[in-house]
Amino acid sequence: MRGTTMATGAGDRYWAGQALPSVFKHTLLDKYVPQFAGMTGSIGRRVVYLDGYAGRGRYTDGTPASAEKILMVAQSQFERVGLAWICYFVEQDPESARALGDVVGEYVAKGVTALAHRGDVQDVLDQVVASAVGCPLFAFLDPCGLGLPFDRMSSLLNGERKKDWPPTEFLLNFSLDAVRRIGGHVTGQRNEATLRRMDDAVGGRWWREHFAGGVNDAAVEAVVAGFSERMSAATGMHLVAVPVRRAPTHKPVYDLCPAPGSVEARN
């Protein structure tokens, strides 16, 4: 994560091929995002998509990763039904950003409107929101660590974007490994800078009390619940935490938190 954030890039081992958690994420994107775009984009014929931690876009074995999967959908929906996508893909790691740029360039050459940005997702948030005026916006935020600061995340989903139309939805990776690791600083060898980054990510110091007795599953679950409740209250959206494991008997490594539209829109 950059500045007040703490995300780190995924290395060569990760990009060798899909692991079980990635299969789940990609299946969810495959099943949901094209339908979101097709249904909500049918009015203005335009939809905006943001992948804030896009990685390389393609595995070294040639399998499409999340970024290329979305580019394929964008190309297909434009060619079939004239639905125009504006795609933003962001990656900070230099090697991954170069690979991502190559993949995005292939689809730009095929007519897809897409930008690959090397840097922090916060660099492009204002541009993304501006380009989404009057049309649907979907954000996929999948950091290797903590994500956007709470205040920045909630501001993205408030203001004009809080209206019932055009809709704004997102899929968030909330890292349980990061929560466990940083939670250990509360009673162990304290690193105040690290603790403050967690404060920024979850919206305050409230989470620290859950680790007063050490790191345990109950404390991690309480932080997830507290974050979900606070983000839901701040944005009018309803987060649903879905635990994802490397194997069925392992502890969850992160929660996928889809936010399928505003509370007001669903009632």
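Residues numbered from 1 in each chain as written. Predicted model: local features only at pLDDT ≥ 70, side-chain atom pairs only at ≥ 80, totals over all residues. Heavy atoms only, no water.

### Describing the sheet that holds strand 3 (residues 113-118)
What counts is decided by this rule: Note: two strands are recorded as paired if DSSP finds a minimum of 2 bridges between them. In DSSP terms, a helix is any run of H or I states spanning at least four residues, a strand is any run of E spanning at least two, and both are numbered starting from the N terminus. All axes here are fitted lines through C-alpha atoms, helices being fitted over the stretch that makes contact, and every angle between N-to-C directions spans 0 to 180 degrees.
What the 7 strands build is an open sheet, ordered 3-2-1-4-5-7-6; its pairing is mixed. Strands at the two margins of the open sheet, each flanked by one partner only, are strand 3 and strand 6 (242-245). Between one strand and the next, the sheet's axes are offset by a mean angle of 15°, whatever the strand orientation. Pairing geometry for strand 1 (residues 46-51) and strand 4 (residues 137-141), over 4 bridges, is parallel. From the neighbouring strand, Y49 faces strand 4, where its bridge partner is F138.

### Overview of the environment of R161
Definition in use: We call two residues in contact when some of their heavy atoms are within 4.5 Å. Pairs of N or O atoms within 3.5 Å make up the polar contacts considered here, provided that, within protein, one atom can donate a hydrogen while the other can accept it, and that residues adjacent in sequence are counted only when both atoms are side-chain atoms.
Positionally, R161 belongs in the loop between helix 6 (150-156) and strand 5 (168-175). For the pair R161 and A132, spaced 29 residues apart in the sequence, the C-alpha separation amounts to 9.0 Å. Each residue touching R161, except ones within four places of it in the same chain, is listed here: V129, A132, V133, C135, P136, L137, L156, P166, P167 and T168. Within the local environment of R161, its side chain forms a polar contact with the backbone oxygen of A132, the two atoms lying 2.7 Å apart. A distance of 3.1 Å separates a polar atom in the side chain of R161 from the backbone oxygen of C135.

### Re helix 4 (residues 94-108)
Test applied: To estimate the expected span of a helix, count its residues, drop one, and scale the result by 1.5 Å. Burial status follows relative accessibility: with a 1.4 Å probe on protein chains alone, a residue under 20% of its type maximum counts as buried, one over 50% as exposed, and anything between as partly exposed. By arc we mean the arc of the directions from the helix axis to the C-beta atoms, nothing more.
Relative to the 21 Å expected for 15 residues at 1.5 Å per residue, helix 4 spans 20 Å between its end C-alpha atoms, a close match to the ideal helical length. Inspection of helix 4 places S96, A97, L100, V103, V104 and Y107 among the buried residues, and these make up the whole buried set. Down the axis of helix 4, the buried set is contained in an arc of 125°. They therefore lie on one face. Set apart from the buried face of helix 4 by more than 90 degrees, the exposed residues are R98 and D102.

### Side note on the nonpolar core
Heads up, the condition is: Throughout, nonpolar core names a set of buried Ala, Val, Leu, Ile, Met, Phe, Trp, Tyr and Cys residues whose side chains join them through atoms within 4.5 Å.
Ranked by internal contacts, the top residues of the largest apolar core, which has 46 residues, are L50, F170, F174, W207 and F227. Of the residues forming this core, the biggest block, 6 residues, is contributed by helix 9 (residues 217-235). With residues up to four places along the chain from it excluded, the contact list for F227 reads F150, L172, F174, A201, V202, W206 and L239.

### Details of the packing of helix 7 (residues 176-187) against helix 9
Stated precisely, the cut-off is as follows: Our angle categories are set so that under 35 degrees counts as roughly parallel, over 145 as roughly antiparallel, 65 to 115 as roughly perpendicular, and the remainder as oblique. Crossing handedness is defined as follows: a turn of the near helix away from the far one that is anticlockwise and smaller than a right angle gives a left-handed crossing, while the clockwise case is right-handed. Each residue gets one of three labels, nonpolar for Ala, Val, Leu, Ile, Met, Phe, Trp, Tyr, Cys and Pro, charged for Asp, Glu, Lys and Arg, and polar for the others, Gly among them.
Contact geometry for helix 7 and helix 9: axes closest at 10 Å, N-to-C directions at 120°. Put simply, helix 7 runs oblique to helix 9. The two elements helix 7 and helix 9 cross, and the hand of that crossing is right-handed. Seen from helix 7, the contacting residues are L176, V179 and R180; seen from helix 9, they are V220, V223 and V224. By residue class, the composition of the contact of helix 7 with helix 9 is 5 nonpolar, no polar and 1 charged.

### What to know about the pairing of strand 2 (residues 84-91)
Regular strands place their side chains on alternate faces of the sheet. Which entries qualify depends on this criterion: We call a crossover right-handed when, viewed with the strands running away from us, the connection from the first strand over the helix to the second turns clockwise.
Burial within strand 2 is extensive, with 7 of its 8 residues counted as buried. Strand direction decides the pairing type here: strand 1 and strand 2, joined by 6 bridges, are parallel. Bridging across to strand 2, R46 finds its partner in A84. Each parallel crossover has a hand, and the one from strand 1 via helix 3 (residues 66-81) to strand 2 is right-handed. By the bridge criterion, 6 bridges tie strand 2 to strand 3 in an arrangement that is parallel.

### So, a nonpolar patch on the surface
Cut-off, in case you're wondering: Residues enter patches when they are more than 30% accessible in relative terms and free of salt bridges; like-charged ones are connected within 9 Å and nonpolar ones (Val, Leu, Ile, Met, Phe, Trp, Tyr) within 5 Å. In these tables, accessible area is a Shrake-Rupley quantity obtained with a 1.4 Å probe, and a residue counts as shielded only by the protein chains included in the view. The term salt bridge refers to a side-chain nitrogen of Lys or Arg lying within 4 Å of a carboxyl oxygen of Asp or Glu.
Residues F24, L28 and Y32 make up a contiguous nonpolar surface patch of about 240 Å² in total accessible area. Tracing the backbone shows F24 in helix 2 (residues 20-40). On the accessibility criterion, F24 (37% relative accessible area) is partly exposed.

### What about the pattern of salt bridges?
Counted according to the given criterion, the structure contains 10 salt bridges. Close ionic contact of K69 with D30 constitutes a salt bridge, the shortest N to O distance being 3.2 Å. Taken together, the positions of K69 in helix 3 and D30 in helix 2 put the pair 39 residues apart, joining distant regions of the chain. Where E106 meets R58, a salt bridge forms, and the shortest distance between an N and an O atom there is 2.9 Å. In this pair, E106 is assigned in helix 4 and R58 in the loop between strand 1 and helix 3, connecting sequence segments 48 residues apart. Given a relative accessible area of 24%, R58 falls into the partly exposed group. Each of R190, E192, D199 and R208 takes part in a single network of salt bridges with overlapping partners.

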